[in-house]
Amino acid sequence: MRDAVIVDAVRSPIGRRGGALSETHSATLAAHVLTALAARTGLDTTTVDDVIWGCVSQAGEQAGNIARTAVLAAGWPDSVPGVTLTRACGSSQQAVSFAAATVISGQYDVVVAGGVESMTRVPMGTAAMGAQPNPPEVLERYGVEGFNQGVGAEMVAEKWALSRTALDEYSLRSHELAAAATAAGAFEGQIAPIAGLSQDEGIRSGGTLESLGKLRTVFKEDGVIHAGNASQISDGAGALLITTSEYAAARGWRPIVRIHTAVVAGDDPVIMLTAPIAATEKALRRSGLSIDDIGAFEVNEAFAPVPLAWLAETGAAADRLNPLGGAIAVGHPLGGSGAILLTRLAHHMRDNNIRYGLQTMCEAGGLANATILELL
């Protein structure tokens, strides 16, 4: 029976908005991780059946099928196809799921999956600027004038009784863990430096509850969500080489992990950010594993209430949640985040001999992907 394995995974450092990667074209950033992945694995690029790529704001320089543009920018053969998809923040995690499905089914043998987003060069919302993406029947169905993730984050905080202090404490934890992981060299084996940047640019050490307490809430006057307990606007990309165990063995590759289970789930699109809870339950049910079987969790820190509500509902061990920090500290480059998180998770599992890891992330529309990896 065919399976799907990740031979290697590489990512760019994550740049701050307007930071070190701001002068790098989105396709150049994507091509950089493709080139690094091929060099690390000795990949014969003529054998690549497809490049499946996530990107959210497909406008400007990210329009026109950036997957194919990146392939060409990387100097790969004309014969290598590329396709770009969006499942909002989960786009590149979905790209990995589709890649796994194609190699398991036998349609493909070698796929590169990943994603990119330059939120500096193509600001969030550019693709939908001036448009109302929801027709009247959708707005009327839910009794809203529109859908807003920040408002959803406030709703999550209220539903799970998460105070501003609890959210800010979690945010400080994210920065502390990310700074410690960076200092310990945890990311050195996965980052391909670019534009003079070799580390994630957004990490801030030395924050306090007092300093965070001075920040103004954004989505609700008496609310709890502010810039300090939400993910940073960022630039970044990641790429993963996916094939079968049999194909990998024939080429002398030693994969890091097997893609054990991959699911997607939907939930209330108004509160929007709770679907990781449903996706996790679905992934565990299909895998036959329990929450205690999982040694590390990457739950994307779009807003601090998301992982905290997830933790409360799943009963997972708190010290296994985002052990390297998360998007509050390092940033969330939308279409690239799924691939970046999977890269972090796979390397963390190998470095610490963790058998199972689970990644999930909230997505616009009340969606979430969940992926379980198994160490090889």
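The coordinates are above.
The following paragraphs examine the structure supplied in this document. (Residues numbered from 1 in each chain as written. Predicted model: local features only at pLDDT ≥ 70, side-chain atom pairs only at ≥ 80, totals over all residues. Heavy atoms only, no water.)

Right, let's get into the overall build of the chain. Scanning the chain for helices and strands turns up 12 helices and 10 strands. For 376 residues, the compact-globule estimate of 2.2 N^0.38 gives 21 Å, and the chain sits close to it at 19 Å. When the backbone C-alpha atoms are referred to their principal axes, the chain occupies close to 60 × 45 × 45 Å. The burial tally for the chain puts 57% of its 376 residues in the buried class. Averaging the locations of the 26 positively and 38 negatively charged side chains of the chain gives two centres separated by 3 Å. (Helix = DSSP H or I, 4+ residues; strand = E, 2+ residues; numbered from the N terminus. Rg over C-alpha atoms; globule rule 2.2 N^0.38 Å. Buried < 20%, exposed > 50% of the residue type's maximum accessible area, 1.4 Å probe, protein only. Lys, Arg positive; Asp, Glu negative; His and termini not counted. Charge placed at Lys NZ, Arg CZ, Asp CG, Glu CD.)

Let's shift gears to the pairing of strand E7 (residues 257–266). Both strand E1 (residues 5–11) and E7 contribute to a ladder of 2 bridges, which runs antiparallel. When the sheet's bridge partners are listed, Val5 is paired in E7 with Arg258. One ladder, built from 9 bridges, connects E7 with strand E10 (residues 367–375); its direction is antiparallel. In the sheet register, Arg258 faces E10, and the bridge partner there is Glu374. (Pairing = 2+ DSSP bridges.)

This paragraph deals with the side chain of Ser57. One can find Ser57 in the loop between strand E3 (50–54) and helix H2 (66–73). For Ser57, a relative accessible area of 3% translates into the label buried. Leaving out residues up to four positions away in the same chain, Ser57 has contacts with Gln62, Glu117, Val122, Pro123, Met124, Gly125 and Ala127. (Contact = heavy atoms within 4.5 Å.)

Turning our eyes to something else, we now look at the pattern of salt bridges. Considering all chains together, one arrives at 12 salt bridges under this definition. A salt bridge links Arg121 to Glu61; its shortest N-O distance comes to 2.7 Å. Taken as a pair, Arg121 in the loop between strand E5 (111–118) and helix H4 (136–142) and Glu61 in the loop between E3 and H2 lie far apart in primary sequence, 60 residues in all. One salt-bridge network, in which partners are shared between bridges, spans Asp3, Arg258, Arg355 and Glu374. (Salt bridge = Lys/Arg side-chain N within 4 Å of Asp/Glu carboxyl O.)

Enumeration according to the criterion identifies 2 cavities of 30 Å³ or more in this entry. What lines the largest cavity is a set of 16 residues, and nearest its centre among them are Asn300, Ala327, Val330, Gly331 and Leu341. Only strand E8 (296–299), helix H11 (327–330) and helix H12 (337–352) provide two or more residues apiece to the lining of the largest cavity. In terms of residue count, the dominant contributor to the lining of the largest cavity is H12 (4 residues). Here the second largest cavity defines a volume of roughly 30 Å³. Lining the second largest cavity are Val156, Trp160, Leu273, Thr274, Pro276, Ile277, Val306, Ala309 and Trp310. Mapped onto the lining of the second largest cavity, the elements with two or more residues apiece are helix H9 (275–287) and helix H10 (305–314). Tallying contributions element by element places H10 first for the lining of the second largest cavity, with 3 residues. (1 Å grid on protein atoms, 1.4 Å probe; cavity = no way out; pocket = protein on both sides within 12 Å on 5 of 7 lines; lining within 4 Å. Points joined across faces, edges and corners; volume = space filled by probe spheres on them.)

The next subject is the environment of Ala39. Along the chain, the position of Ala39 falls in helix H1 (residues 26–41). Remark: the alpha-carbon pair of Ala39 and Arg216, spanning 177 residues in sequence, is separated by 46 Å.

Following the criterion strictly, the structure yields 4 aromatic pairs and no others. Centre to centre, the rings of Tyr142 and Phe147 are 6.1 Å apart; their planes meet at 70°, and the pair counts as edge-to-face. Above the face of the Phe187 ring, Arg11 is positioned so that its terminal group lies 5.0 Å from the ring centre. Positioned over the ring face of Tyr247 is Arg251, at 3.5 Å from the centre of the ring. (Phe/Tyr/Trp six-rings, centres within 6.5 Å; stacked < 30°, edge-to-face > 60°. Lys NZ or Arg CZ within 6 Å of the ring centre and 35° of its normal.)

Our focus in this paragraph is the pairing of E3. When you tally the buried positions in E3, you get 5 out of 5 residues, the bulk of the element. A two-sided burial pattern is seen for E3, the buried positions comprising Asp50, Ile52 and Gly54 on one face and Val51 and Trp53 on the other. Here 4 bridges tie E3 to strand E4 (residues 82–85), and the two strands are oriented parallel to one another. Bridge pairing in E4 places Ile52 opposite Val83. Viewed along the sheet, the connection from E3 through H2 into E4 turns out right-handed. (Right-handed = clockwise from strand over helix to strand, strands pointing away.)

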